[in-house]
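Each chain, written out:
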Amino acid sequence: MSGQALQALLGPEFKGAMFQAATRLKVKLELSEDNVQQDVVSADNIRKFVACIKGMLPYVQSVDIVCKGNYSYQEALACQRFERWLGMYFSPETTLRVYRSKMILPSNLVPAVSVAITNIGHIWKNDNEATLEYIHRLAPMLQTLAITYKTVNRTEKLFIDSNNELVVYPKLQSLTFTTWEQEKITYRPVVENLVPFPKLKKLHINMEYPFGDDLLFRGNCETLEQLHIELDIQTIVMLKKYNVFTGNKFKRLLNISAECNTHRVGGDPFASFVFTNFVAGMSSANQALSFDDGSAMKYSVSNLTMCSDLARIMSLNLKNANLTLSQIIVLLHKMTLLTELKCEFAGLGSEYDRIPLEDRPNRARLSCVNGSKHFKHMTLLGYLVDMRNVAECAILLALACPKLANFSILESLKLEFNSEITKALEIEPYSLYADSVQHLLFKHIEGEQ
């Protein structure tokens, strides 16, 4: 929302607008030099703004406001006033969070003053000395940092200032590394004697791991909760060398997402075995696992059934994995705490294809004896060709897993799914179980008249 939008919100046309059920509001406010000069964020306007929110959302419990801007000196002062006045006009019972963020591009003018910016995004290019100096100066207060590399080079400069002093980010909670284009990193620097992120909670590495040591994992084993990492053999060897994930040190790491693209490991069975077993053992606390082994997923699925470390997993997302109903049930037998599974669908499988139609429901019901008793959510990814097969899979899975509550597919396929599952439930043997699986029908479909 710009300053002009804020002024419009204070106009008479918004009087009396009510959102009775809403309890949370998130606003993005972009400050500019014109807004400051026009005194849009004056005390009186902020008071009206809060009154407007209370009128529109009478039961609001929390308000998140993201202030964005280039942060000249005047804009910095305006943002500080804005935050202070909001705190004055909202009641103590309302949870108020104000975030200040900046996207640093090479063309940005680096502010002459250091303001309380907690979130930074930066496009990393060769000519970034000024912005690096700026990031170093804000390091003590940063909570979120996202680096996008145009070319992956000099990555160690994030931790070494112009005086060759090591830089620590003591309050950083979220760190993201990504690239404009996938590229093979030829040089991975080593930075010794530094614990850069002692409070890190979220680490997203959407590229090859850019360092030759365990730099990003030092000192945060008690705080790290979420990890996305792209693995290759070199990175796995490094992580094993530094014993990063041995000894179950990461007690709070509940959510792991790992990618191992085919061109990085060769797509062969041995590399896939190394990848699958390494990921499965990364954290004893891990409850949600998402991974993509590229075209080697056919090996990974069979490897998964042999991993003893997977018994604790509650949510599993297998990208690019084509599983049959038979394979899904095998996984459920192995992963007895699993509540959610996402994968692509490859039919019923040879085991069910060989069974006469009238015997399939009993076979499915018997398969749940040693299977997951907690399984609730099944998502089939991608475009599904044989919807008749999908409908039968849904019915059999519901019989195998009595707690299955949601069966999800692409929105564009839901009408056809409803049609096929309705047809199946009209004839034996599935008509005998119609009451048990009616809840799988989609009730609200986009575009449905």
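Residues numbered from 1 in each chain as written. Predicted model: local features only at pLDDT ≥ 70, side-chain atom pairs only at ≥ 80, totals over all residues. Heavy atoms only, no water.

Quick look at the overall build of the protein
(1) Moving on: Each helix and strand in the protein was counted, giving 15 helices and 14 strands.
(2) Moving on: Per-residue burial for the protein yields a buried fraction of 50% across its 449 residues.
(3) Moving on: Sequence separation of at least 24 residues holds for 74% of the intrachain contacts in the protein that already meet a minimum separation of 6. (Helix = DSSP H or I, 4+ residues; strand = E, 2+ residues; numbered from the N terminus. Buried < 20%, exposed > 50% of the residue type's maximum accessible area, 1.4 Å probe, protein only. Contact = heavy atoms within 4.5 Å.)

Describing the confidence of the model for the protein
(1) Moving on: With 76% of its residues at a pLDDT of at least 70, the protein reaches an overall mean of 79.
(2) Moving on: The secondary-structure element of the protein with the lowest mean pLDDT is helix α1 (residues 3-9), recorded at 50, while strand β13 (residues 377-380) shows the highest, at 94.
(3) Moving on: Confidence over residues 104-115 falls short of pLDDT 50; this stretch has 33 contacts with residues more than four positions distant or in other chains. (pLDDT = per-residue confidence, 0-100.)

A closer look at a nonpolar patch on the surface
(1) Moving on: A cluster of nonpolar residues, Phe 270, Phe 273 and Met 306, forms a patch on the protein surface that exposes about 370 Å² of accessible area.
(2) Moving on: Looking at the secondary structure, you find Met 306 in the loop between α9 (297-304) and β11 (315-323). (Patch = residues over 30% accessible without salt bridge, like charges linked within 9 Å, V, L, I, M, F, W, Y side chains within 5 Å. Areas by Shrake-Rupley, 256 points an atom, 1.4 Å probe, with all protein chains shown as cover. Salt bridge = Lys/Arg side-chain N within 4 Å of Asp/Glu carboxyl O.)

Looking at the nonpolar core
(1) Moving on: With 107 residues, the main nonpolar core has Tyr 169, Leu 216, Phe 217 and Leu 397 as its most contacted residues.
(2) Moving on: When residues in this core are grouped by element, the largest group, eleven residues, is from helix α13 (residues 387-400).
(3) Moving on: In contact with Leu 216, other than residues within four places in its own chain, are Phe 159, Leu 175, Phe 177, Phe 197, Leu 200, Leu 203, Ile 205, Tyr 209 and Phe 211.
(4) Moving on: Phe 49, Val 50, Val 63 and Ile 65 belong to the second largest nonpolar core, which has 15 residues in total. (Core = buried A, V, L, I, M, F, W, Y, C linked by side-chain atoms within 4.5 Å.)

Considering the packing of helix α10 (residues 325-334) against α13
(1) Moving on: Where α10 meets α13, the axes come as close as 11 Å, and the angle between the chain directions of the two elements is 20 degrees. Classified by the interaxial angle, the pair formed by α10 and α13 is roughly parallel. The chirality of how α10 crosses α13 is right-handed. Here Leu 325, Ile 328, Ile 329 and Leu 332 of α10 lie close against α13, whose contacting residues are Cys 393, Leu 396, Leu 397 and Ala 400.
(2) Moving on: Partitioned by chemical class, the residues of the contact of α10 with α13 number eight nonpolar, no polar and no charged. (Axes fitted to C-alpha atoms, helices over the stretch in contact; angles between N-to-C directions. Parallel < 35°, antiparallel > 145°, perpendicular 65-115°, else oblique. Left-handed = near helix turned anticlockwise from the far one by under 90°. Nonpolar A, V, L, I, M, F, W, Y, C, P; charged D, E, K, R; others polar.)

A look at the environment of Ser 284
(1) Moving on: With respect to the helices, strands and loops of the structure, Ser 284 is situated in the loop between α8 (269-280) and β10 (288-292).
(2) Moving on: A C-alpha to C-alpha distance of 8.9 Å links Ser 284 and Arg 252, two positions 32 residues apart in sequence.

A closer look at α13
(1) Moving on: With 14 residues, α13 extends 20 Å between its outermost C-alpha atoms, agreeing within 8% with the 20 Å of an ideal straight helix rising 1.5 Å per residue.
(2) Moving on: Burial within α13 is extensive, with twelve of its 14 residues counted as buried.
(3) Moving on: Within α13, burial applies to Met 387, Val 390, Ala 391, Glu 392, Cys 393, Ala 394, Ile 395, Leu 396, Leu 397, Ala 398, Leu 399 and Ala 400.
(4) Moving on: Backbone nitrogen of Arg 388 and a side-chain oxygen of the N-cap are separated by 3.3 Å at the start of α13; the cap is Asp 386. (Expected span 1.5 Å × (residues − 1). Polar contact = N/O pair within 3.5 Å; in protein donor to acceptor, adjacent residues only side chain to side chain.)

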